[in-house]
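Take a look at the letters that make up each chain.
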Amino acid sequence: MGLWPFGKGRRNATRFDREAMPHIDAVYRFARSLTHDAAQADDLVQETYLKALKAFDSFQEGTNCRAWLFRICRNSFINKVRAGGREVALDQAAEQVHATSLSGWSERAFYRGPEAAALLSATRDELEAALNELPRDFRNVVVLADVEGLAYKEIAEVMGTPIGTVMSRLFRGRRMMREKLSGAPGGARGVGGGEVLSLSKRLKDRENGNGL
Amino acid sequence: MDCNVLSRYSDLYLDGELALEERTEVEAHLKQCSECRDAVTAEVRFRQRVRESLLAARAPTSLREQVARRIREERGRLDRPRFFPTLSYAVAVLMLAVMGYAVIFLMESPPDAADSAVAAHMASSDSEMFGTSAQVQAFLEGNAPFRYQVPLEDREGVKLVGARVTRLGPRPAVVYLYDVAGRRVSVAQYQSAPARGRPRLKMDRRSGLVVATYGDDRLTQTVVGDLPEPEVKRFIPASFSQ
């Protein structure tokens, strides 16, 4: 709204420089992951910081400023995509549908022996390429978890999706990345059909302090 | 806990998302099983490599400078004295009032079940079950909040793979998950609202998904899927298709 009382403004300015500015590399990496394009990422980072500056009053001190910036960044990106008339494409919707089937979480198995060795010998370029080839929603979640170190709950808030979706995208994204790097369709050890996976319920219990 | 179970929990474990109790179990297994221990160690090393490699991407200096410059400009603009603060406040209060009315108006309009069905299709939710058609039905016998009716029996290329008991807005609902040649289709089923000249079959597209709603006096179904329309029509009984 721009109703910016003077004294508070100055105090806010130092706080903004101290809390928000150090995250510019992280915001840039996330913007790259969202846009897949250097020039667009630059614009998005600028927009994110301008919006963050105006909305800094609403940022609660003591909460995760990086996650707050990521959320602004993602919202700006979504608005841009919509404004550009490029409605969420069908393939992306299909991706989402695909991602929300929870069964993926249970299939993950370890990579052992030669496959594990192949993973560990991957170069930085190969790692980047494998990540970049992931479908966007998967890539974003993997970046937030494995590069930026956000918790599932924080990722869910940034991405505006339920925590179950975050987990399913994360596990599948990781698996796709590893399969790509190890050159082998990874040890999807599958669980017998009929297993009840009330996973989000367990998480909910955990949030209520009942243990997973 | 055996190796199989452990490999499924490894992501949650390494992500620090397990509760203490489960964590202790995982660690107890790791202590006695060198194979799993090696696998976890390798995974930790791989994750470190991913993290280090990708953290190397930094914002270019030109971008940093540009952001800093635009923030300075924006601050200059914001700090300029305002001549009509009272007027600004008045406008703000007026806008809030208008928004308040808009929200109340929206809340009073009836919830759109089809929208909720799309949300349910896209979201993963509370209590669900994956398995064969028979297992899913057994699950529903115990959990369905009303007299459900499986919308489509298994047939070539159409397989019931799961169900979820949930709510669409205020209504209890059962969401059936079908596998149609590798794609997922959800059918949300809920008790029909008292008929108000509602069309018996409505086809629509939302968020790139085909949405079809059909029903009789007792039950209404909303089919959601990323399929071409003719495929979705397979879910709709012939009596509604006309």
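Above: the structure in question.
The paragraphs below set out a description of the structure included in this document. For clarity, every value in this text was computed on a predicted model and none was experimentally measured.

As for the overall build of chain A
Link 1 in the chain: Helix and strand counts for chain A stand at twelve helices and zero strands.
Link 2 in the chain: For chain A, buried positions account for 52% of its 212 residues.
Link 3 in the chain: Considering only intrachain contacts with a sequence separation of at least 6, the fraction spanning at least 24 residues in chain A is 73%.
Link 4 in the chain: When the accessible surface of chain A is split by element, carbon and sulfur atoms take 50% of a total near 9100 Å².

A few points about helix α1 (residues 3-14) of chain B
Residue and element names in this part refer to chain B.
Link 1 in the chain: Between its first and last C-alpha atoms α1 spans 15 Å; for twelve residues at 1.5 Å apiece the expected length is 16 Å, and the two agree.
Link 2 in the chain: All buried positions along α1 are accounted for by Leu6, Ser7, Arg8, Tyr9, Ser10, Asp11, Leu12 and Tyr13.
Link 3 in the chain: Residue Gly16 follows α1 closely and has a positive phi angle near 70°.

Considerations on helix α3 (residues 38-54) of chain A
Residues and elements named next belong to chain A.
Link 1 in the chain: Along its 17 residues, α3 runs 25 Å from first to last C-alpha, staying within 8% of the 24 Å computed at 1.5 Å per residue.
Link 2 in the chain: If you check which residues of α3 are buried, you get Ala41, Leu44, Val45, Gln46, Thr48, Tyr49, Leu50, Ala52 and Leu53.
Link 3 in the chain: Two to three positions downstream of the cap, the backbone nitrogen of Ala39 sits 3.1 Å from a side-chain oxygen, assigning the N-cap of α3 to Asp37.

With respect to the packing of helix α2 (residues 24-35) of chain A against α3 of chain A
All names here are of chain A.
Link 1 in the chain: Between α2 and α3, whose axes approach to 8 Å, the crossing angle comes to 130°. If you check the angle between α2 and α3, you find them oblique. Here α2 and α3 pass one another in a crossing that is right-handed. Residues Ile24, Val27, Tyr28, Ala31, Arg32, Leu34 and Thr35 of α2 lie in contact with α3, whose contacting residues are Ala38, Gln40, Ala41, Asp42, Leu44, Val45, Thr48 and Tyr49.

What to know about the packing of aromatic side chains
Residue and element names in this part refer to chain A.
Link 1 in the chain: Under the definition given, this model contains eight aromatic pairs over all chains.
Link 2 in the chain: Judged by centre distance (5.6 Å) and plane angle (15°), the ring pair of Phe56 and Phe59 falls under stacked. Across the pair, exposure class does not vary: Phe56 and Phe59 are buried alike.
Link 3 in the chain: Ring geometry for Tyr152 against Phe171: centres 6.3 Å apart, planes inclined by 70°, an arrangement best described as edge-to-face. Of this pair, Tyr152 sits in helix α10 (residues 152-159) while Phe171 is found in helix α11 (residues 163-182), placing the two residues 19 residues apart along the sequence.
Link 4 in the chain: For Tyr152, a relative accessible area of 1% translates into the label buried.
Link 5 in the chain: Clustering of aromatic rings is evident, with ring pairs tying together Phe16, Tyr49, Phe56, Phe59 and Trp68.

Some words on the environment of Leu160 of chain B
All names here are of chain B.
Link 1 in the chain: Along the polypeptide, Leu160 turns up in strand β2 (residues 158-168).
Link 2 in the chain: Linking Leu160 and Val136, residues 24 residues apart in sequence, is a C-alpha distance of 7.9 Å.
Link 3 in the chain: In this structure, Leu160 is in contact with Gly131, Thr132, Ser133, Val136, Val150, Asp154, Tyr176, Leu177 and Tyr178, ignoring residues within four places of it in sequence.

Section: the pattern of salt bridges
Any two side chains of opposite charge can pair, so long as their charged atoms come close to each other.
Link 1 in the chain: Evaluated as defined, the whole model comprises 24 salt bridges over all chains.
Link 2 in the chain: A salt bridge links Arg75 of chain B to Asp17 of chain A; its shortest N-O distance comes to 3.3 Å. One end of the pair, Arg75 of chain B, is in helix α4 (residues 61-79); the other, Asp17 of chain A, is in helix α1 (residues 6-19), on a second chain.
Link 3 in the chain: Judged by its relative accessible area of 39%, Asp17 of chain A is partly exposed.
Link 4 in the chain: Linking Arg47 of chain B and Glu43 of chain B is a salt bridge whose minimum nitrogen-to-oxygen distance equals 3.0 Å. Of this pair, Arg47 of chain B and Glu43 of chain B both sit in helix α3 (residues 34-55), four residues apart, which is roughly one turn of the helix.
Link 5 in the chain: Residue class for Arg47 of chain B comes out buried when judged on its relative accessible area of 13%.
Link 6 in the chain: Owing to a relative accessible area of 6%, Glu43 of chain B belongs among the buried residues under this scheme.
Link 7 in the chain: Overlapping salt bridges bring together Asp146, Arg174 and Arg178 of chain A together with Asp11, Asp15, Glu43 and Arg47 of chain B as one network.

Focus on the nonpolar core
Link 1 in the chain: Among the nonpolar cores identified, the biggest contains 71 residues, and Phe16, Val45 and Tyr49 of chain A are the most heavily contacted of them.
Link 2 in the chain: Per-element accounting of this core gives the leading share, nine residues, to helix α4 (residues 65-83) of chain A.
Link 3 in the chain: Those residues in contact with Tyr49 of chain A that lie beyond four places of it in its chain are Phe16, Ala20, Met21, His23, Ile24, Val27 and Leu69 of chain A together with Val67 and Ile71 of chain B.
Link 4 in the chain: The next biggest cluster of nonpolar side chains, apart from the first, holds 28 residues, and it includes Met129, Leu140, Tyr148 and Ala212 of chain B.

Quick notes on unusual backbone geometry
Link 1 in the chain: Even without a glycine there, the phi angle at His36 of chain A is positive, about 65°.
Link 2 in the chain: The topology assignment puts His36 of chain A in the loop between α2 and α3.

Overview of the pairing of strand β4 (residues 183-191) of chain B
Residue and element names in this part refer to chain B.
Link 1 in the chain: Most of β4 sits out of view: seven of its nine residues are buried.
Link 2 in the chain: Two strands pair when backbone bridges link them, and strand β3 (residues 171-180) and β4 are joined in this way by eight bridges, in the antiparallel orientation. Among the inter-strand pairings, Val180 is bridged to a residue of β4, identified as Arg183.
Link 3 in the chain: Of the strand pairs in this sheet, β4 and strand β7 (residues 219-225) are connected by seven bridges, and their pairing is antiparallel. Paired with Val187 across the bridge in β7 is Val223.

Topic: the packing of α2 of chain A against helix α9 (residues 136-147) of chain A
Residue and element names in this part refer to chain A.
Link 1 in the chain: Between α2 and α9, whose axes approach to 8 Å, the crossing angle comes to 160°. In terms of their interaxial angle, α2 and α9 are classed as roughly antiparallel. Here α2 runs over α9; the crossing is right-handed. Seen from α2, the contacting residues are Arg29, Phe30, Ser33 and Leu34; seen from α9, they are Arg136, Arg139, Asn140, Val143, Leu144 and Val147.

Cut-offs used in this document
- Residues numbered from 1 in each chain as written.
- Chains lettered and ligands numbered in written order.
- Predicted model: local features only at pLDDT ≥ 70, side-chain atom pairs only at ≥ 80, totals over all residues.
- Heavy atoms only, no water.
- Helix = DSSP H or I, 4+ residues; strand = E, 2+ residues; numbered from the N terminus.
- Buried < 20%, exposed > 50% of the residue type's maximum accessible area, 1.4 Å probe, protein only.
- Contact = heavy atoms within 4.5 Å.
- Areas by Shrake-Rupley, 256 points an atom, 1.4 Å probe, with all protein chains shown as cover.
- Expected span 1.5 Å × (residues − 1).
- Polar contact = N/O pair within 3.5 Å; in protein donor to acceptor, adjacent residues only side chain to side chain.
- Axes fitted to C-alpha atoms, helices over the stretch in contact; angles between N-to-C directions.
- Parallel < 35°, antiparallel > 145°, perpendicular 65-115°, else oblique.
- Left-handed = near helix turned anticlockwise from the far one by under 90°.
- Phe/Tyr/Trp six-rings, centres within 6.5 Å; stacked < 30°, edge-to-face > 60°.
- Salt bridge = Lys/Arg side-chain N within 4 Å of Asp/Glu carboxyl O.
- Core = buried A, V, L, I, M, F, W, Y, C linked by side-chain atoms within 4.5 Å.
- Pairing = 2+ DSSP bridges.

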